[in-house]
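Per-entry structural report
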Amino acid sequence: MKKIARTLTPGLISVGILTIISYLIAQLPIATQTGISSLVIAIMLGILLGNAVKYPDSWTPGIQFSAKRILRTAIVLYGFRVSFQQIASVGIEAIIIDSLVVSLTLILGYLVGTKIFKLDKDLSLLISAGAAICGAAAVLAVEDIIKSEPYKTAVAVGTVVLFGTISMFIYPLLQHSGLIQLTEHQFGVFAGASVHEVAQALVTGTNISVDAGKIAVIVKMIRVLMLVPVLFILAFLYQRKSQTAHGHKTKIIIPWFALGFLAVIGIHSMNEVPEQTVALINQIDVILLTMAMGAIGIETKFSKIKKVGLTPLYLALIIFIWLFSSVNFMVRF
């Protein structure tokens, strides 16, 4: 254990310092007002650090530990943000809308990305998952299943940040100007079912009213819950793909962290854990997710990002238009 600790320590310290800086920047008014989380800041700073500094090889084990093991722990703890009672409170129509949004967005994004734009399959899937489910957290969770290269994760997170931020400013503007004319409840469902990140959905809904903000977060968390079946489906599909490629049976991939995520939601739903403890766990979870993002950023190289060009943005734009138009249509019926 001591040897393992010594091996991991240099990288963990570097990621830890990066995390602290990111977390402090995220507390600044400009970051809180625009919904930019410490996760986004960490991956940006990580990319800058990883490309500007030739870090020693001794950092690598700790960085990889943060990008994999710490990530899985963070995804499990993410379950403390949602309860089954919250899901039931918004009604069956919101659950149906979220189910359609997640499934159709994943299919559309993957097909458009691979067939029309000829993008890499992993990159298409990561961009689609980030938009369809829960932003950066979904990108990280899917990346852990498909084992893609770090730069693809960085590109996917970049599209989530860009178009999620655009949604956060444009949607309330359209509502206030009377161009979409939704009720408070409809707008809350609309924001929760179409905006990329949880924080972005909250800010979008709250710009209309407090109630719209609450509904937006609950509807958004239903999308977060749908991360579990998506991860299991992807694990099954990628296991079959690996088996076909190698010509023999391969080890079945079970995303245990997804089951842990579901179990934590169940524990949270029992209301046995004090609210102060849940709030503390959520803060710790943000720190762990920030560490994972920073580590992935450090491993990301500009040279590989440049190779994919602007095509990922085109895919993300189409998904953005799809989410706006389809969810706007669904909430009216």
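We now turn to the structure provided with this report. All values reported here derive from a predicted model rather than from experimental measurement.

1. A few points about the overall build of the protein chain
In terms of regular secondary structure, the protein chain is built from 17 helices and 0 strands. Taken over C-alpha atoms, the radius of gyration comes to 19 Å for the protein chain, in line with the 20 Å a tight globule of 333 residues would show. Dimensions of the protein chain along its principal axes, counting C-alpha atoms only, are 60 × 45 × 40 Å. Across the 333 residues in the protein chain, those meeting the buried criterion constitute 53%. A fraction of 80% describes how many contacts in the protein chain between residues 6 or more apart in sequence connect residues 24 or more apart. Summed over its atoms, the accessible surface of the protein chain is roughly 15500 Å², and 70% of this surface lies on carbon and sulfur atoms. Of note, the protein chain has its 25 positive side-chain charges centred 13 Å away from the centre of its 15 negative side-chain charges.

2. A closer look at empty space enclosed by the protein
Within this structure, the stated rule accounts for 1 cavity of 30 Å³ or more. Taken as a whole, the largest cavity holds about 30 Å³ of empty space.

3. Quick notes on the packing of aromatic side chains
Taken as a whole, this structure holds 8 aromatic pairs when the rule is applied. Ring geometry for phenylalanine 117 against tyrosine 314: centres 6.2 Å apart, planes inclined by 45°, an arrangement best described as tilted. With a gap of 197 residues between them, phenylalanine 117 in the loop between α6 (92-116) and α7 (121-132) and tyrosine 314 in helix α17 (residues 311-330) connect regions that are remote in the sequence. Note on phenylalanine 117: relative accessible area 24%, which makes it partly exposed. Classification of tyrosine 314 as partly exposed rests on a relative accessible area of 42%. On the basis of an interplanar angle of 35° and a centroid distance of 5.6 Å, the ring pair of phenylalanine 163 and phenylalanine 320 is categorised as tilted. Remark: phenylalanine 320 occurs in helix α17 and phenylalanine 163 occurs in helix α9 (residues 150-176); sequence separation between them is 157 residues. Judged by relative accessible area, which is 12%, phenylalanine 320 ranks as buried. Within the aromatic cluster, the residues linked to one another by ring pairs are Phe163, Tyr171, Phe187, Phe190, Phe320 and Phe324.

4. Here's the deal with the environment of isoleucine 170
Tracing the chain through its elements places isoleucine 170 in helix α9. Note on isoleucine 170: relative accessible area 33%, which makes it partly exposed. Along the sequence, isoleucine 170 and isoleucine 180 sit 10 residues apart, while their C-alpha atoms lie 11 Å from each other.

What counts as what
- Residues numbered from 1 in each chain as written.
- Predicted model: local features only at pLDDT ≥ 70, side-chain atom pairs only at ≥ 80, totals over all residues.
- Heavy atoms only, no water.
- Helix = DSSP H or I, 4+ residues; strand = E, 2+ residues; numbered from the N terminus.
- Rg over C-alpha atoms; globule rule 2.2 N^0.38 Å.
- Buried < 20%, exposed > 50% of the residue type's maximum accessible area, 1.4 Å probe, protein only.
- Contact = heavy atoms within 4.5 Å.
- Areas by Shrake-Rupley, 256 points an atom, 1.4 Å probe, with all protein chains shown as cover.
- Lys, Arg positive; Asp, Glu negative; His and termini not counted.
- Charge placed at Lys NZ, Arg CZ, Asp CG, Glu CD.
- 1 Å grid on protein atoms, 1.4 Å probe; cavity = no way out; pocket = protein on both sides within 12 Å on 5 of 7 lines; lining within 4 Å.
- Points joined across faces, edges and corners; volume = space filled by probe spheres on them.
- Phe/Tyr/Trp six-rings, centres within 6.5 Å; stacked < 30°, edge-to-face > 60°.

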